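So you can see what is in the structure, the chains are spelled out below.
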Amino acid sequence: MGGLSLTESTLAAASTLEAPLLWQTLPIPPPNPSLQLSCEERARRYVRQCGANESASLGYSWALLPNSAWGSSPLYCGQCTLKNPDFFFFKNSGAMWNPSPIPEVTWDTGLKEMNETWKGAIACLGVAVFFVMTIGIIYWQVVDQPNKNWILKGTLSGLIWERRTHSLVIQTLTEDKTYVEIDVENVGNPDLEVPFVRNLCWLNKTEFCYTWDAVAEIKISLDVNEDTGTECYSMTWTPVQCHVQLKDCFSMTNVSWYGGASVNGQTWPINDQNATVQPFVVSDLKENPSGFGSALERYFLGSSGVAVLVSPDIPLQLGLESRQQFCLQSLPSMTLLPLQYTVCVANNVKAVHQEAMQQLSQLTREIPDLKALWLPSWKLLSNVDSGLKVERELRTFSNRLRRHQLGDGIISLNEHSTNLLSEMDQDYLNSRKRGASKRRSTDLPLVKLLNISVTLSPFLSVDTTQFHTSLMDGTEAFWLSLPSAPHGQLVPLMTQWRGKFCVKLNVTNPGAVSWFLDRVGAIQAHLGMEYILLEGGEKNLFEEQALRSPEALGGDTYISLLADVAARIGDSTIMSAGTRSSHKPVFLRMTSLQSDWSLMGLKGIIPCLLHHTVLGYNFLIPDAVGGSLSGDMVTDEELYIRWLEIVSFLPVISFHTPPWVCGEDWVLNLTRVYITKHQRDVVPLIEKYAEEWQETGSPIYRPLWWLSPEDPVTFTIDDQFLIGDEVLVAPVVERGAVKRDIYLPDGGFQWQDSQNAQVFDGGTLLEDYPVPLEAVGVFLRRR
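Parameters and conventions
- Residues numbered from 1 in each chain as written.
- Predicted model: local features only at pLDDT ≥ 70, side-chain atom pairs only at ≥ 80, totals over all residues.
- Heavy atoms only, no water.
- Helix = DSSP H or I, 4+ residues; strand = E, 2+ residues; numbered from the N terminus.
- Buried < 20%, exposed > 50% of the residue type's maximum accessible area, 1.4 Å probe, protein only.
- Contact = heavy atoms within 4.5 Å.
- Areas by Shrake-Rupley, 256 points an atom, 1.4 Å probe, with all protein chains shown as cover.
- Disulfide = S-S within 2.5 Å.
- Pairing = 2+ DSSP bridges.
- Axes fitted to C-alpha atoms, helices over the stretch in contact; angles between N-to-C directions.
- Phe/Tyr/Trp six-rings, centres within 6.5 Å; stacked < 30°, edge-to-face > 60°.
- Arc of directions from axis to C-beta.
- Parallel < 35°, antiparallel > 145°, perpendicular 65-115°, else oblique.
- Expected span 1.5 Å × (residues − 1).
- Core = buried A, V, L, I, M, F, W, Y, C linked by side-chain atoms within 4.5 Å.
- Salt bridge = Lys/Arg side-chain N within 4 Å of Asp/Glu carboxyl O.
- pLDDT = per-residue confidence, 0-100.
- Patch = residues over 30% accessible without salt bridge, like charges linked within 9 Å, V, L, I, M, F, W, Y side chains within 5 Å.

(A) Looking closely at the overall build of the protein. Looking only at helices and strands, one finds 18 helices and 40 strands in the protein. Residues classed as buried in the protein amount to 52% of the 783 residues present. The long-range fraction of contacts in the protein, counting pairs at least 24 apart against all pairs at least 6 apart in sequence, stands at 65%. Accessible area for the protein stands at about 35800 Å²; split by element, carbon and sulfur atoms hold 53% of it.

This is how it looks when you write it as structure tokens:
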């Protein structure tokens, strides 16, 4: 080993050192015990091991070379073999080398420190690169990533996911118009960050699918109808856990919304309404003033050209936040109930409504018997205790109508008076065979000469013979019941109706329905009446008593089935509640109102009218002139007259307070005038547009935007309405007013005042237009 020498190539490699060294080939000296240090120590101490202290006495100097200069061959330093040293040491002739003025130890150490510095610099550079990459990723996710992700695109519109607001937005493809913005409420988890950019249904360009981990799944399908110019997005949210409540809120910003359900203090549009989140079912507004009344449909219409149709068979809750939003919310359930609805868009509100009506009621629309429109309805205010007394009061009231020259009319009896008259022949009512009953009936000649309307309900008092008989003969299933045990005997549910404990007809039982129809037929034959008011459909006894409803009677199903029974009774039947029954040949009675000038009274008539007709209910029985909610007589003559003027343009004029009770003779004379106008001018218009409704679903009574669907002025007018496309009605609804502002919608035509024949262009606002107490603002459309 000691004879090993440095070669020429080795010295050439050594010339890569930055210091100008003059190298000489010399043999490595023999081992010196004083210089035999361990490889481990040499590796740790480098130059200092063979440095100036020991080597200077031997006349040697030691230099430092990097490993790259020697390749991978091992070198020797004394007796120590460095297998893979980072640096190697070899001898240099001090006589031939002009040493640097910097001491060798300092030079070697400086080179070492310089390498340590570079190592630190490289480490810092790596850390800096890591931070830059991290910041770049965060910037891409939070800042640079687009806030809008197009989910689906049609030919007219597209569905966008707004990442920052966590909402679904339907806009035109040019993004110049927003149809609707839907806040998905983070699918029940407000802290959940949802990028919502991955389409799991990417193979189908008309579907979008996404899953929130442990929360919910969504599937959206797009259907484009090129014939009607509408595009519909069907949305299905499905929870993946039982506790999840799905909630979607529709913004009211820049959109006027219509539809839903009747409420106390009805507004048009519904943007000003407030309602806490509650089951979206029909309730009796007298008993539940903050609830939802009739008419009710799972349909909402927006002025931007959007319609929302909610699945009819899934339990649903609705909440309204005034001028903010309305929210659809599912109920928590062990069966993971979905939230399903369809959002349709079109060029304007009229176009999308016409398409929605086709989807809302795909069954054949039937018209009820319109003979009822020609006769005013008079409510008999009777508080007697026998059928004979009711008959006597009927005779007296009928004579008064003739004496005051108010013509023929329908005298309406409440349920109490109906029962008293019916009980005048009790054996007749006990029979369930219609033919035999007719043969044993006792005639009531005076009653049969009158046009009367009776009131019935699906309730039966538990004190009656019929109910006790049903418990004895095994027909307790005729009433809404629950089993006492999983396979036990049925126990009828009891409730209160008109101050009595009653049971309620089970309309899902064919035998019960047949029994009820026989009972109605018997009363018709006994009293000879033609018109029947069927009340009491609003109550859901199961939900009222916090019981689980049978599957066949969930939600408002009872009302819809009761409407089927009403249609079987006859096409002159009147219902007190309506849902999913606008296509059936029955009339619908509007909500009772207060006797005042507020939205709960006179000012609420037109909003209620437009609400009913936009939901498809056109054959209406409005509340009585002056309001009937309190049951008291109206004494305010001005209120009475202004109310009379409005309802004379509606399908039926009904009275709770007779005009001879309200005021002077001029009130009576004005009543005759408006009854005549109604029969002469209004009823023929209703009959004309009833045929159009049957064919197209277009309402008979229309909001002003029907003729000008892109005019934002028309979206919020709640004190004017149209009959068809040709008559505009603008009554006075403010106390003491004899003039008002009237807006004439534009559509390339003119309007003529029916009083003075003056003609105005469409799009004109008539400010402080004179409408005296005895008149109504009526304008006829002219081309």
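(B) Inspection of the state of the cysteines at higher detail. Enumeration over the complete set of coordinates arrives at 3 disulfides. Paired through a disulfide, C232 and C344 show a sulfur-sulfur distance of 2.1 Å. Handedness here is read from the sign of the S-S torsion; for C232 and C344, about 110°, the answer is right-handed. Of this pair, C232 sits in strand β11 (residues 230-239) while C344 sits in strand β19 (residues 339-345), placing them 112 residues apart in sequence. A residue is classified by how much of its surface remains accessible, and C232, at 8% relative accessible area, is buried.

(C) Main features of the side chain of T579. Counting through the fold element by element, T579 comes out in the loop between β29 (574-575) and β30 (587-589). Look past the residues within four positions of T579 in its chain and what remains in contact with it is L296, E297, D556, I559, S560 and Y617.

(D) Quick look at the sheet that holds strand β17 (residues 317-321). Reading across the sheet, the 8 strands line up as β5-β6-β7-β8-β12-β18-β17-β14 and stay open at both edges, with antiparallel pairing between neighbours. In this open sheet, the two strands that pair with only one neighbour each are β5 (148-153) and β14 (275-279). The mean angle between the axes of side-by-side strands here comes to 20°, regardless of whether they run parallel or antiparallel. Strand direction decides the pairing type here: strand β7 (residues 167-172) and strand β8 (residues 178-183), joined by 5 bridges, are antiparallel.

(E) The arrangement of unusual backbone geometry in detail. Omega for the bond connecting W268 with P269 falls within 30 degrees of zero, at 0°, which places this linkage in the cis form. In this structure, P269 sits in the loop between β13 (257-262) and β14. With an omega of 10°, the peptide bond running from S294 to A295 counts as cis. With respect to the helices and strands, the residue A295 is situated in strand β15 (residues 293-302). Its identity is not glycine, yet D768 carries a phi of approximately 50°, on the positive side. Counting through the fold element by element, D768 comes out in strand β39 (residues 764-770).

(F) Up close: the packing of aromatic side chains. For the structure shown, the criterion picks out 23 aromatic pairs. Each ring, one from W378 and one from F397, has its centre 6.5 Å from the other, and the planes form 65°; the classification is edge-to-face. Here W378, found in strand β20 (residues 377-379), pairs with F397, found in helix α6 (residues 387-403); they are 19 residues apart in sequence, far enough to count as distant. Owing to a relative accessible area of 0%, W378 belongs among the buried residues under this scheme. Grouped by ring-pair contacts, the aromatic residues F250, W257, F280, F292, F300, F326 and Y341 constitute a single cluster.

(G) Region of interest: helix α11 (residues 465-472). Residues Q466, F467 and S470 constitute the buried set of α11. Mapping the buried residues of α11 onto a view down its axis gives an arc of 100°, with all of them on the same face. Away from its buried face, by an angle of more than 90 degrees, α11 presents the exposed residues T465 and M472. Once α11 ends, the next one or two residues include G474, with phi positive near 80°.

(H) Quick peek at the sheet that holds β19. Ordered in space as β9-β10-β11-β19-β16-β15-β13, the 7 strands form an open sheet in which the pairing is antiparallel. Pairing within the sheet leaves two strands with one partner each, and these edge strands are β9 (207-211) and β13. Shown here is a sheet whose adjacent strand axes are inclined to one another by a mean of 20°, direction ignored. As paired elements, β15 and strand β16 (residues 306-310) share 4 bridges and run antiparallel to each other.

(I) Region of the structure containing the packing of helix α7 (residues 415-422) against helix α12 (residues 510-527). Orientation of α7 relative to α12, taken along the N-to-C sense of each, is 75°, at an axis distance of 10 Å. With respect to their mutual orientation, α7 and α12 come out roughly perpendicular. In this structure, α7 uses N419, L421 and S422 to contact α12, whose residues at the interface are R519, I523, H526 and L527.

(J) Inspection of helix α14 (residues 557-569) at higher detail. Taking 1.5 Å of rise per residue, 13 residues should cover 18 Å, and α14 covers 19 Å from first to last C-alpha, within 8% of that figure. For α14, the complete set of buried residues consists of Y558, I559, S560, L562, A563, V565, A566 and I569. Against β27 (500-504), α12, β28 (531-534) and β29 lie the buried residues of α14.

(K) The arrangement of the nonpolar core in detail. L394, I452 and F721 are the most contacted members of the largest nonpolar core, which has 146 residues in total. Beyond its immediate sequence surroundings of up to four residues, I452 is in contact with L394, I410, I411, L413, V447, L527, M529, E530 and Y531. With 50 residues, the next largest nonpolar core counts L159, M235, F250 and M252 among its residues.

(L) Structural detail: the pattern of salt bridges. Under the criterion given, the structure shown has 20 salt bridges. As a salt-bridge pair, K219 and E207 come within 3.8 Å of each other at their nearest N and O atoms. Taken as a pair, K219 in strand β10 (residues 216-225) and E207 in strand β9 lie far apart in primary sequence, 12 residues in all. Taken together, the shared-partner salt bridges in this structure form one network comprising E287, K539 and E544.

(M) Local environment of the confidence of the model for the protein. Averaged over every residue, the pLDDT of the protein is 83; residues scoring 70 or more account for 79%. Across residues 1-37, confidence stays below pLDDT 50; counting only partners more than four residues off in sequence or on other chains, it has 50 contacts.

(N) Here's a closer look at the environment of S412. With respect to the helices, strands and loops of the structure, S412 is situated in strand β21 (residues 410-412). Taking C-alpha positions, S412 is 9.5 Å from S654, a pair spaced 242 residues apart along the chain. Aside from chain neighbours lying at most four places away, what touches S412 is S377, W378, K379, L380 and S453.

(O) Quick look at the pairing of β27. The pairing of strand β23 (residues 459-461) with β27 spans 3 bridges and is classified as antiparallel. Bridged to S461 within β27 is C502. Here strand β26 (residues 495-497) hands over to β27 after 2 residues, with R498 in that stretch at a positive phi of 55°.

(P) How the structure looks around the environment of L766. The residue L766 is located in strand β39 in this model. L766 sits in the buried class, given a relative accessible area of 7%. Along the primary structure L766 and Y743 are separated by 23 residues, whereas in three dimensions their C-alpha atoms are 6.1 Å apart. With near-sequence residues (within four places) excluded, L766 lies in contact with R740, D741, I742, L744, F760 and F779.

(Q) Spatial organisation of a nonpolar patch on the surface. The grouping of V127, F130, F131 and I135 at the surface amounts to a nonpolar patch, some 430 Å² of accessible area in total. Along the chain, F131 turns up in helix α4 (residues 104-144).

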